[in-house]
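If you want the building blocks of each chain, they are given just below.
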Amino acid sequence: MKKSIFLGLFLATVSLSAFAAEESETPKYWKTKGIVGVNASQTSFVNWSAGGDNTVSLNGFLDFGAYYKKGHLTWDTDFSTQYGTTYTKSNGWVKSSDKIEISTKVGHQIAPKWYVSGLVDFKTQYDKGYKDPKLKENYISKFMAPAYSNVALGFDYKPCSNFSAFMSPITGRMIIVTDSYLSDKGAFGVKEGKKFKFEAGAYVKLQYTKEIMTNVTLISKANFFTAYNKDFGNIVVNWENTINMKVNKFINANIYTNLQYDDLVKRYNSDGEKIGGARVQFKEMIGVGLAYKF
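Throughout, residues of each chain are indexed from 1 in the direction in which the sequence is written. Thresholds applied to this predicted model are a pLDDT of at least 70 for local features of residues and 80 or more for the giving and counting of side-chain atom pairs; totals over whole chains, interfaces and linings are not thresholded and use all residues. Working from all heavy atoms in the structure, the side-chain values ignore hydrogens and water.

K.L.:
Can you explain the pairing of strand S3 (residues 73-88)? Please cite residues and give values.
P.N.:
By this definition, two strands are paired if DSSP reports at least two bridges between them. Think of it this way: any DSSP run of H or I at least four residues long counts as a helix, any run of E at least two long counts as a strand, and we number them from the N terminus. Bridge count between strand S2 (residues 55-70) and S3: 16 bridges; the pairing is antiparallel. Its bridge partner being in S3, Phe64 is matched across the sheet by Phe79. A loop of two residues connects S2 with S3, the two strands running antiparallel in sequence, and Gly71 in this loop sits at a positive phi of about 65°. From the end of S3 to the start of strand S4 (residues 92-111), which pair antiparallel, there are three residues.

K.L.:
So, the pairing of strand S11 (residues 216-227): which residues are in play, and what are the values?
P.N.:
Residue burial is assigned from relative accessible area. The probe radius is 1.4 Å, only protein chains are included, and a residue is buried under 20% of its type maximum, exposed over 50%, and partly exposed in between. Among the 12 residues of S11, nine are classified as buried, and the element is accordingly described as predominantly covered. Note that strand S10 (residues 196-213) and S11 share 12 bridges and pair antiparallel. Pairing of Ala202 across the sheet is with Thr226, part of S11. The turn joining S10 and S11, which pair antiparallel and follow one another in sequence, is formed by two residues; a positive phi near 65° is taken by Asn215.

K.L.:
Could you give an account of empty space enclosed by the protein, with specific residues and numbers?
P.N.:
With a 1 Å grid laid over protein atoms only, a set of points is called a cavity when a 1.4 Å probe fits there but cannot get out and a pocket when it is open yet has protein on both sides within 12 Å along at least five of seven lines; lining residues have an atom within 4 Å of a point. Grid points are joined across faces, edges and corners, and a volume is the space filled by probe spheres set on the points. A full pass over the atoms with the stated rule returns two cavities of 30 Å³ or more. Estimated volume of the largest cavity: approximately 90 Å³. Lining the largest cavity are Asp78, Phe79, Ser80, Lys99, Glu101, Ile102, Ser103, Lys205, Gln207, Lys221, Asn223 and Glu240. Looking at the lining of the largest cavity, the elements that each hand over two or more residues are S3, S4, S10 and S11. Residue contributions to the lining of the largest cavity peak at four residues, all from S4.

K.L.:
I'd love a proper account of the nonpolar core, names of residues and values included.
P.N.:
Burial of nonpolar side chains together is a common tendency in soluble globular proteins. What we call a nonpolar core is a set of buried Ala, Val, Leu, Ile, Met, Phe, Trp, Tyr and Cys residues that are connected through their side-chain atoms within 4.5 Å. If you look at the biggest cluster of nonpolar residues, it comprises 10 residues: Tyr139, Ala145, Tyr148, Ile175, Val177, Leu182, Ala187, Phe188, Val190 and Val265. Beyond its immediate chain neighbours, meaning those up to four positions away, Ile175 contacts Ala147, Tyr148, Phe188, Val190, Lys195, Phe196, Lys197, Glu199 and Leu264. Leu119, Phe166, Phe225 and Val236 belong to the second largest nonpolar core, which has seven residues in total. In what follows, residue pairs with any heavy atoms lying within 4.5 Å of each other are defined as contacts.

K.L.:
Before we move on, could you go through a nonpolar patch on the surface and cite the residues and values that matter?
P.N.:
Residues Val36, Val38, Phe64, Val247, Phe250, Ile251, Val288, Leu290, Tyr292 and Phe294 make up a contiguous nonpolar surface patch of about 890 Å² in total accessible area. Contributing elements (two or more residues each) for the nonpolar patch: strand S1 (30-43) and strand S16 (281-293). No other element matches the three residues that S16 contributes to the nonpolar patch. Tracing the sequence through the fold places Val36 in strand S1. On the basis of relative accessible area, Val36 is assigned to the partly exposed category, the value being 36%. Patch membership needs two things, relative accessible area over 30% and no salt bridge, and members are linked within 9 Å if like-charged or within 5 Å if nonpolar (Val, Leu, Ile, Met, Phe, Trp, Tyr). Where accessible areas are quoted, they stem from the Shrake-Rupley method and a 1.4 Å probe; at the residue level, only the protein chains shown are allowed to cover. By salt bridge we mean one thing: a side-chain nitrogen of Lys or Arg within 4 Å of a carboxyl oxygen of Asp or Glu.

K.L.:
Explain the sheet that holds S3 residue by residue, including any values.
P.N.:
With antiparallel pairing, the 12 strands of this closed barrel are ordered in space as S1-S2-S3-S4-S5-S8-S9-S10-S11-S12-S13-S16. Averaged over all pairs of adjacent strands, the angle between strand axes in this sheet comes to 20°, irrespective of strand direction. For strand S8 (residues 147-160) and strand S9 (residues 163-176), the ladder comprises 11 bridges, and the chain directions are antiparallel. Looking at S9, one finds that Asp156 is bridged to Phe166. Axes here refer to lines fitted to C-alpha atoms; in helices the fit is confined to the stretch in contact. Angles between the N-to-C directions go from 0 to 180 degrees.

K.L.:
Any details on the confidence of the model for the protein? Residues and values, ideally.
P.N.:
The share of residues in the protein with pLDDT of 70 or more is 88%, and the mean pLDDT across the chain is 88. Confidence of the predictor at the level of single residues is captured by pLDDT, which takes values from 0 to 100. Of all the helices and strands in the protein, helix H1 (residues 2-25) carries the lowest mean pLDDT, 46, while strand S5 (residues 114-124) carries the highest, 98. Ignoring residues within four places in sequence, the model shows residues 1-14, a span with pLDDT below 50, making zero contacts including any to other chains. Predicted confidence for residues 16-24 stays below pLDDT 50, and this span has zero contacts to residues more than four positions away or in other chains.

This is the structure in C-alpha cells:
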C-alpha cells in the first residue's frame, strides 16, 4: 500500500514537472501585478498638558493591473480602490480616503512605439462625504454621486515599458449624480434636477512607473480633459502620485498625493449652500502598515 502511494506521488511529480516545462515554453501574453494592504496610525493622550484629541486611523487599499500583448495587439486594464477612516472623540468615525477606479485600454500598433487605442474608464466612491461631519443631513457626495466616465479614441505613445501617453481628440465625458438631494442642487456640474451630463472634448492620460531607488517605487498618473464648448481650454486636472517604500516582504510605507481641479465642482459650506467657485483641491496621505505584492 505504501509503495503504491509513493509510486503515485512520484508519477504525479513527474507529470507536473513535464506540464510545467511545457508551460514554460508557451509564450506568455498576460502579465499581472498588484499590491494590497492596510495602513494604521493611533495617537493617545493621558493628562497631556498641551491638549489633544485621541485619534485612530485606518486605510485599506488595492491596486491591480492586467496587461495583454500579442503581436500588434495590446490590452491594459487597471483597477484601484482605497477606503480610509479616522476616529476622533469630537467627530467620531469620518472617512479620510474613498476611491473606486477602473480603466481599460485596447490598442493596435501602427508604428514603433505608437498605437491606435480606445479607452473606457470609470470612477466613483463608496461612502457619503461631509463638509461638517456633525451635520449628517448635509452630505456633499456619496456612491455614484458623483461618478465620472470617459470613452475615448486616440493614439497611445509607449516609448518604454514604464511610460505611456494616451492622447484623444475624440472623447465623451459623462458626469453622473444619482442622488436627488445633490442633483437638485446642481452639484458637480449637472443642471439642477438632472442626474446626467455629457461633454465632448479632448483627453490626455499620462502614466509613469519607476523604481527611483532600491525598494522605492514611484507611480504617477495624470489626466487632463477640456470640453469642446465655450469653456474650451478650461482644463479638468486629476494628478495622483504614490511612492511605495518596501521595508520587508510585508511591511510597507507609502506617500500619496492627489491634486484635482474641475471648474464644475463648486464650493459649499457646512449647511450645504453654495459659497463660491472651484478651487484647486489637494490631498496628501502618509502611511505605514502591512502590504503584499503579487
